[in-house]
Amino acid sequence: MDAIAVTRDDRTPRVVDLPRPEPGPGEALVRTLRVGVDGTDHEVIAGSHGGFPDGDDHLVLGHEAVGVVADANGTDLDEGDVVVPTVRRRPDGDNEYFERGEPDMAPPGRYAERGIEGAHGFMAEYFTSPAEFLVEIPPELADLGFLVEPASITEKALELAFAARSSFDWRPESAFVLGNGSLGLLTLAMLDARDGFDRLYCLGRRSRPDPTIDVVEDLGATYVDSRETAVPDAPAVHEPMDFVYEATGHAPHAFETVEALAPNGVGALLGVPEAGWTFDVDGSDLHRDLVLENKALVGSVNSGVRHFEAGVDALRELPDWLFDALVTGVYGLEEFRRAFADDETTIKTAVQFGAQ
Ligand code: NAP
Ligand code: BGC
Ligand code: ZN
């Protein structure tokens, strides 16, 4: 079967021929429909994040998949079910995080991530997965199923953020999304669709005309250009933010988020920065600000089955025009390279492996 992989010698994604996998006990065989591409895939391709499976010279890419069950193999699934796989898998040995159903809370070294860290991804005509990691989605959502994984990432981050404010009556009205990439824009739309969050802002570093700025403004949000308004200046130029969602991977933003927050606000950090960022921080101000204004910062990575289920519900609340604007290309294998374009006309792409 065809798959898209990078090798240890050549990090350019290319089509490779691999045997179709056989499902083991408890696993189903899935025929792949679409696999999305995000900033993490670019980091994996560049070699700044993730790693190859032990003993293999190649890594099949892709962690945002949707497919159809081709062989239920005695699991509770049915052939024809449309499913989305979660990303983390058990590495060898006992693992209390997986046993508790909380693989997304496992620390580095206690998990593999398909298509990212130590396990092959889903960019292949078929993949197998333990049934417990396959989330069934409504068939009518199949075309957009590759957005369930990124939506689940935001569902988990929101869960952690709200949990961090659960001891008082937190009613966030303003939210500032840092980053106008695919995760930032999807999150902006998800916040727009939720109750509360009356005033939304999104940070980028681009000039008009730009398709991401169009999405921000079509959502009724305010575009903030980081070249004109630095993150710490947002409260003075706009307003103090009840919630900040960092999705740039620009390391200074992690700390500047604290200055952008309103008293009692919470910042969720999602970005995965490249190594080597060093900069000065006024530690006293940062510390005082967090303590004296009851602010919180939470880091959030990955997501579990319940976040995928919440992600499905969240996608159903989003308008059709948003998907048309966000998904700038779905490409078959013959032109898969276009799905890895990283230019200013590209927002969200997917590779199409098969039809429903
Ligand atoms: P992406 O497409 O690369 O988006 C990042 C965006 O941030 C880009 O649009 C970039 O603008 C913008 N940006 C970067 N530095 C900026 C600055 N100084 N000022 C203003 N805008 C800036 O990546 P993505 O897929 O949306 O993901 C966002 C980040 O989250 C990545 O670091 C990714 O690894 C991470 N992520 C984490 C998780 C998790 O589980 N924690 C899940 C998914 C993704 P330009 O395009 O103009 O350069
Ligand atoms: C994926 C997550 C993964 C994270 C860190 C993200 O792009 O969506 O599932 O845990 O990268 O590797
Ligand atoms: Zn991702």
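Values in this document were obtained by computation on a predicted structure and should not be read as measured data. (Residues numbered from 1 in each chain as written. Chains lettered and ligands numbered in written order. Predicted model: local features only at pLDDT ≥ 70, side-chain atom pairs only at ≥ 80, totals over all residues. Heavy atoms only, no water.)

A separate point is the coordination of the zinc ion (ligand 3). Each protein donor to the zinc ion (ligand 3) is listed here as Asp 38 (OD) and His 63 (NE2); together their distances run 2.1 Å. Relative to the metal, the four donor atoms surrounding the zinc ion (ligand 3) lie at angles of 75 to 156 degrees, and the coordination shape comes out irregular. Placement of Asp 38 in the loop between strand 3 (27-37) and helix 1 (39-46) and of His 63 in the loop between strand 4 (58-60) and strand 5 (64-71) is noted, with a sequence separation of 25 residues between them. Taken as a pair, Asp 38 and His 63 share a single burial class, namely buried. (Donors = N, O, S within 2.8 Å, 3.2 Å for Na, K, Ca; no water. Tetrahedral: all angles 85-135°; square planar, octahedral: opposite > 155°, others 65-115°. Helix = DSSP H or I, 4+ residues; strand = E, 2+ residues; numbered from the N terminus. Buried < 20%, exposed > 50% of the residue type's maximum accessible area, 1.4 Å probe, protein only.)

Around ligand 2 sit Asp 38, Thr 40, His 49, His 63, Val 87, Glu 113, Ile 116, Glu 149, Ile 153, Val 301 and Asn 302, and that is every residue in its neighbourhood. Glu 149 is positioned such that a nitrogen or oxygen atom in its side chain is 2.7 Å from an oxygen atom of ligand 2. Protein contacts shield 92% of the accessible area of ligand 2, which totals 310 Å² for the unbound molecule. When grouped by side-chain class, the residues that make up the shell around ligand 2 number four nonpolar, four polar and three charged. (Near = heavy atom within 4 Å. Polar contact = N/O pair within 3.5 Å; in protein donor to acceptor, adjacent residues only side chain to side chain. Areas by Shrake-Rupley, 256 points an atom, 1.4 Å probe, with all protein chains shown as cover. Nonpolar A, V, L, I, M, F, W, Y, C, P; charged D, E, K, R; others polar.)

With four of five residues buried, strand 10 (residues 126-130) is to be regarded as a mostly interior element. Bridging between strand 3 and strand 10 involves five bridges; their strand directions are antiparallel. Within strand 10, the position partnered with Ala 28 by the bridge is Ser 129. (Pairing = 2+ DSSP bridges.)

Here helix 7 (residues 251-260) crosses helix 8 (residues 283-292) at 50 degrees, and the two axes come no closer than 10 Å. Classified by the angle their axes make, helix 7 and helix 8 are oblique. Where helix 7 crosses over helix 8, the handedness of that crossing is left-handed. Across the interface between the two elements, Phe 255, Val 258 and Glu 259 from helix 7 touch Leu 286, Asp 289 and Leu 290 from helix 8. (Axes fitted to C-alpha atoms, helices over the stretch in contact; angles between N-to-C directions. Parallel < 35°, antiparallel > 145°, perpendicular 65-115°, else oblique. Left-handed = near helix turned anticlockwise from the far one by under 90°. Contact = heavy atoms within 4.5 Å.)

The environment of ligand 1 is made up of 26 residues, and the closest members are Gly 39, Arg 205, Arg 206, Ser 226 and Ser 300. Glu 43 is positioned such that a nitrogen or oxygen atom in its side chain is 2.9 Å from an oxygen atom of ligand 1. A distance of 3.1 Å separates an oxygen atom of ligand 1 from a polar backbone atom of Val 272. Of all elements in the fold, only helix 1, helix 4 (182-193) and strand 13 (199-204) reach the threshold of two or more residues within the shell around ligand 1. For the shell around ligand 1, the element with the highest residue contribution is helix 1, accounting for three residues. Tallied by class, residues from the shell around ligand 1 come to seven nonpolar, 15 polar and four charged.

Quoted interface sizes are often the accessible area lost when the parts come together. Split into domains, the chain comes out as domain 1 (2-136 + 319-352) and domain 2 (152-299). Contact residues are listed per partner, giving 13 residues for domain 1 and 13 residues for domain 2. Of the roughly 1,200 Å² buried between domain 1 and domain 2 on both sides combined, carbon and sulfur atoms contribute 70%. For the domain 1 face of the interface with domain 2, the top three residues by lost area are Trp 321, Glu 344 and Ile 347, together amounting to 41%. Here domain 1 is connected to domain 2 by two salt bridges. In this structure, Lys 156 and Asp 104 form a salt bridge, with 3.0 Å as the shortest nitrogen-oxygen distance. (Domains from an automatic or database assignment. Buried area = accessible area lost by both parts, 1.4 Å probe. Salt bridge = Lys/Arg side-chain N within 4 Å of Asp/Glu carboxyl O.)

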